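Now for the letters of each chain:
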Amino acid sequence: CEGDLLYHIRQILGSKIPVAVILDPHTHLTKLMSENATIMLWLKEYPHTDILECSQKLFTLLKQMLEDKCHPTTAIFDCKMIDLFPTTIE
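Here's a quick rundown of the structure. (Residues numbered from 1 in each chain as written. Predicted model: local features only at pLDDT ≥ 70, side-chain atom pairs only at ≥ 80, totals over all residues. Heavy atoms only, no water.)

Glancing now at the nonpolar core. Of all hydrophobic cores here, the largest spans eight residues; its members are Ile39, Leu41, Leu43, Cys54, Leu58, Leu61, Leu62 and Cys70. Elements with a contribution of two residues or more to this core: strand 2 (39-42) and helix 3 (51-66). Counting residues per element, this core draws most heavily on helix 3, at four residues. Those residues in contact with Leu43 that lie beyond four places of it in its chain are Ile22, Leu23, Asp24, Pro25, His48, Asp50, Ile51 and Cys54. (Core = buried A, V, L, I, M, F, W, Y, C linked by side-chain atoms within 4.5 Å. Buried < 20%, exposed > 50% of the residue type's maximum accessible area, 1.4 Å probe, protein only. Helix = DSSP H or I, 4+ residues; strand = E, 2+ residues; numbered from the N terminus. Contact = heavy atoms within 4.5 Å.)

Right, dumping it as structure tokens:
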């Protein structure tokens, strides 16, 4: 559903306005998502305790992009994750 949502947002905004999103690590990344989002960041902690830090990073990157200091490119790599492990447990 994220790809469909990003597609429709992109249709409304056009290609010149950046679309930046934060995604859950459980997200199933699709081509439709990568084609329609300018910046995608993933939460890194599980449970998701890093929402504020990730949001701040997203806005910093978006600001740098708008100031022509950052030029995001899409890169997709399948890390073949087999499970999720709580990051709060040693």
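The tally for this structure, following the rule as stated, stands at three salt bridges. Between Lys31 and Glu35 there is a salt bridge, and its shortest N-O distance comes to 3.7 Å. Of this pair, Lys31 and Glu35 both sit in helix 2 (residues 31-36), four residues apart, which is roughly one turn of that helix. Residue classification places Lys31 among the exposed residues on the basis of a relative accessible area of 62%. Residues Lys69 and Glu67 are paired through a salt bridge, measuring 3.5 Å at the closest nitrogen-oxygen approach. On the accessibility criterion, Glu67 (37% relative accessible area) is partly exposed. (Salt bridge = Lys/Arg side-chain N within 4 Å of Asp/Glu carboxyl O.)

As a further point, take the side chain of Asp50. Here Asp50 is to be found in the loop between strand 2 and helix 3. Here Asp50 occupies a buried position and makes no salt bridge, while the nearest side chain of opposite charge, Lys44, is found at 5.9 Å. Only 3.2 Å separates the side chain of Asp50 from the backbone nitrogen of Glu45, close enough to count as a polar contact. Residue contacts for Asp50: discarding those within four places in its chain leaves Leu43, Lys44 and Glu45. (Lys, Arg positive; Asp, Glu negative; His and termini not counted. Polar contact = N/O pair within 3.5 Å; in protein donor to acceptor, adjacent residues only side chain to side chain.)

Attention shifts here to the layout of surface pockets. Over the atoms rolls a probe the size of a water molecule, and its path tells where empty space is left. The calculated volume of the largest pocket comes to roughly 640 Å³. What lines the largest pocket is a set of 23 residues, and nearest its centre among them are Leu29, Trp42, Ala75, Ile76 and Phe77. A total of four residues in the lining of the largest pocket trace back to one element, the largest contributor, which is strand 2. Residue classes in the lining of the largest pocket are distributed as 15 nonpolar, six polar and two charged. (1 Å grid on protein atoms, 1.4 Å probe; cavity = no way out; pocket = protein on both sides within 12 Å on 5 of 7 lines; lining within 4 Å. Points joined across faces, edges and corners; volume = space filled by probe spheres on them. Nonpolar A, V, L, I, M, F, W, Y, C, P; charged D, E, K, R; others polar.)

Take helix 3 next. Look at helix 3: 22 Å from first C-alpha to last across 16 residues, which is about the 22 Å you get at 1.5 Å a residue. Within helix 3, burial applies to Cys54, Leu58, Leu61 and Leu62. Taken down its axis, helix 3 places every buried residue within 100 degrees of arc, on the same side. Opposite the packed face of helix 3, turned more than 90 degrees from it, sit the exposed residues Leu52 and Phe59. On its buried face, helix 3 is in contact with strand 1 (20-23) and strand 2. Positive phi shows up at Asp68, right after helix 3, with a value of about 60 degrees. (Expected span 1.5 Å × (residues − 1). Arc of directions from axis to C-beta.)

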